[in-house]
Amino acid sequence: MNATRRALLAALGDGAVDGPALADRLGVSRAAVWKQVEALRDEGFGIEAGDSGYRVVGVPEYGAAALTFGLDAPYDVEYHDRIASTNDRARELAEAGAENVVVVADEQTGGRGRLDREWAAPAGGVWASLVLRPERPPAEVPMYTLAAAVAVARAAHEAGVGASIKWPNDVLVADAGGIDGERKLAGILTEMEGEADRVSWLVIGLGVNANVDRDTLPTGATSLRAEVGDVDRRQFLQRVVEEIQGLTGEGADLEAVLGAWREYAGTLGRRVRVETPRGAVEGRAVDVRFPGSLVVETDGGERVVHAGDCEHLRPTE
Ligand code: BT5
């Protein structure tokens, strides 16, 4: 998206603004403003020209301009109707030096989960990948995954779905018929490149089953549509991006993410089995600790797990 259009969307997001003031603010001619306004109309924006200037009265459902309009976070949006994987595209952009971009798709044909598992991503979901370049050590990156899970859980709650987080990155909804009584609503795939002391780039991939039918998803999955009906994906994704920005952006205290995570944690207090690269750890999950590790009380004492696949066990198992 070019800078003029981005600035125009930001200005219109603040309320009605007149042509000359817009031209001034954007540093372009009034004719150029008019041309951009026409282009936004062509994309489905309703823009009224009244006494007080241009005013947005209708926003398209989804897309780059729609997502940029009113977004309270410093992100550029790249939108695709269909793409193999937003994470792959985000990595490409990251490797070329991009920062603060969110790649969004309506549908993915080669969506990936962790460890190269497949991620079903039919049209109607919220499939998005953020490119960040935080000045932090790689060891702190798991906190970004936790923050993303909190952001999704919060947005789901606001949409009326009582979602909880399974350590570290699954957002689940309770359902007696699901796997272990829970169904997966969303997953997060964080990828990065960095030196020993500093992250070079970070990609946070968000997969939220939004306006999709349950029968187009793997067994054990659920969607916002199945839980509460369709949501406004534009608002939902904007909330998630703004929340991630609030939790991890400039000036944020990364450790504070732990408190927010505990609020939505479904794992704490549960019996769990975590498959780690160094074998399975089984016991009661008691806490989460900086930078995102799970503390498990086992028969052999307390274990701190940094990475792995976590399974919630039934109390009797
Ligand atoms: C995840 O992996 O949960 C991370 C998923 C991240 C997807 C996003 S979408 C945008 C971005 N672009 C990408 O290509 N990826 C990211 P993991 O914990 O490994 O879980 C994968 C497992 O979840 C699969 O093996 C299936 O069992 C299950 N699964 C696949 N698709 C699903 C879906 N849509 N909803 C719920 N579960 C699903």
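If you're wondering where the values come from, they're calculated on a predicted model, not measured in any experiment.

Visitor: How do you make sense of the pattern of salt bridges when you look at a structure like this?
Guide: Between side chains of opposite charge, pairing is possible as soon as their charged atoms come close. Here the structure, examined in full by the defined rule, presents 33 salt bridges. With a shortest N-O distance of 4.0 Å, Arg284 and Glu297 are connected by a salt bridge. One end of the pair, Arg284, is in strand β11 (residues 279-289); the other, Glu297, is in strand β12 (residues 293-298), with 13 residues separating them in the sequence. Within this structure, Arg154, Glu158, Arg239, Glu243 and Glu263 form a network of salt bridges that share partners.

Visitor: Can you walk me through the packing of aromatic side chains in this structure?
Guide: To describe a pair of aromatic rings, you give the distance between the ring centres and the angle between the ring planes. Under the counting rule described, the total for this entry stands at two aromatic pairs. A centroid spacing of 5.9 Å and a plane angle of 75° characterise the contact between Phe45 and Phe69, whose relative ring orientation is edge-to-face. Linking Phe45 in the loop between α3 (30-42) and β1 (46-50) with Phe69 in the loop between α4 (64-68) and β3 (76-83), this pair joins segments that are 24 residues apart in sequence. For the pair formed by Phe45 and Phe69, the shared burial category is buried. When the centroid spacing of 5.7 Å and the interplanar angle of 80° are considered together, the rings of Tyr62 and Tyr79 count as edge-to-face. Placement of Tyr62 in the loop between β2 (53-58) and α4 and of Tyr79 in strand β3 is noted, with a sequence separation of 17 residues between them. Cation over ring: Arg233 sits above Tyr62, and NZ or CZ is 4.0 Å from the ring centre.

Visitor: In this structure, what is going on with the site of the ligand? I would like to understand it.
Guide: Taken together, 26 residues form the shell around the ligand, and within it Ser85, Arg112, Arg117, Lys184 and Asn209 come nearest. Contact between the ligand and Thr86: a nitrogen atom at 3.2 Å from a side-chain N or O atom of the residue. At a separation of 2.8 Å, a nitrogen atom of the ligand approaches a polar side-chain atom of Asn209. Its free accessible area being 800 Å², the ligand has 89% of it covered by the protein chains. Counting only elements with at least two residues in the shell around the ligand, the list comes to α5 (86-95), β5 (126-132), β8 (182-194) and β9 (199-208). A total of four residues in the shell around the ligand trace back to one element, the largest contributor, which is β8. In the shell around the ligand, the residues fall into nine nonpolar, eleven polar and six charged.

Visitor: Sorry if this is basic, but what is going on with a negative patch on the surface here?
Guide: Residues Glu95, Glu193, Glu195 and Asp197 make up a contiguous surface patch of negative charge. For Glu193, a relative accessible area of 39% puts it in the partly exposed group.

Visitor: Sorry if this is basic, but what is going on with the side chain of Thr222 here?
Guide: Position of Thr222 relative to the elements: it lies in the loop between β9 and α7 (224-228). Among the residues examined, Thr222 registers a relative accessible area of 0% and is labelled buried. Polar contacts involving the side chain of Thr222 include one to the side chain of Glu227, which spans 2.6 Å. The residues contacting Thr222, other than those within four sequence positions of it, are Val173, Arg183, Lys184, Leu185, Asn209, Arg214, Leu217 and Glu227.

Visitor: Just checking my understanding: could you explain the pairing of strand β10 (residues 271-276) for this structure?
Guide: Two faces, one strand: in a regular strand the side chains alternate between the faces of the sheet. Burial along β10 is one-sided: Val272, Val274 and Thr276 are buried, while Arg271, Arg273 and Glu275, pointing the other way, are not. Hairpin connection, β10 to β11: the antiparallel pair is bridged by two residues. Relative to strand β14 (residues 309-312), β10 is paired through four bridges, and the arrangement is antiparallel. Bridging from a neighbouring strand, Val274 pairs with Cys310 of β14.

How each quantity is defined
- Residues numbered from 1 in each chain as written.
- Predicted model: local features only at pLDDT ≥ 70, side-chain atom pairs only at ≥ 80, totals over all residues.
- Heavy atoms only, no water.
- Salt bridge = Lys/Arg side-chain N within 4 Å of Asp/Glu carboxyl O.
- Helix = DSSP H or I, 4+ residues; strand = E, 2+ residues; numbered from the N terminus.
- Phe/Tyr/Trp six-rings, centres within 6.5 Å; stacked < 30°, edge-to-face > 60°.
- Buried < 20%, exposed > 50% of the residue type's maximum accessible area, 1.4 Å probe, protein only.
- Lys NZ or Arg CZ within 6 Å of the ring centre and 35° of its normal.
- Near = heavy atom within 4 Å.
- Polar contact = N/O pair within 3.5 Å; in protein donor to acceptor, adjacent residues only side chain to side chain.
- Areas by Shrake-Rupley, 256 points an atom, 1.4 Å probe, with all protein chains shown as cover.
- Nonpolar A, V, L, I, M, F, W, Y, C, P; charged D, E, K, R; others polar.
- Patch = residues over 30% accessible without salt bridge, like charges linked within 9 Å, V, L, I, M, F, W, Y side chains within 5 Å.
- Lys, Arg positive; Asp, Glu negative; His and termini not counted.
- Charge placed at Lys NZ, Arg CZ, Asp CG, Glu CD.
- Contact = heavy atoms within 4.5 Å.
- Pairing = 2+ DSSP bridges.

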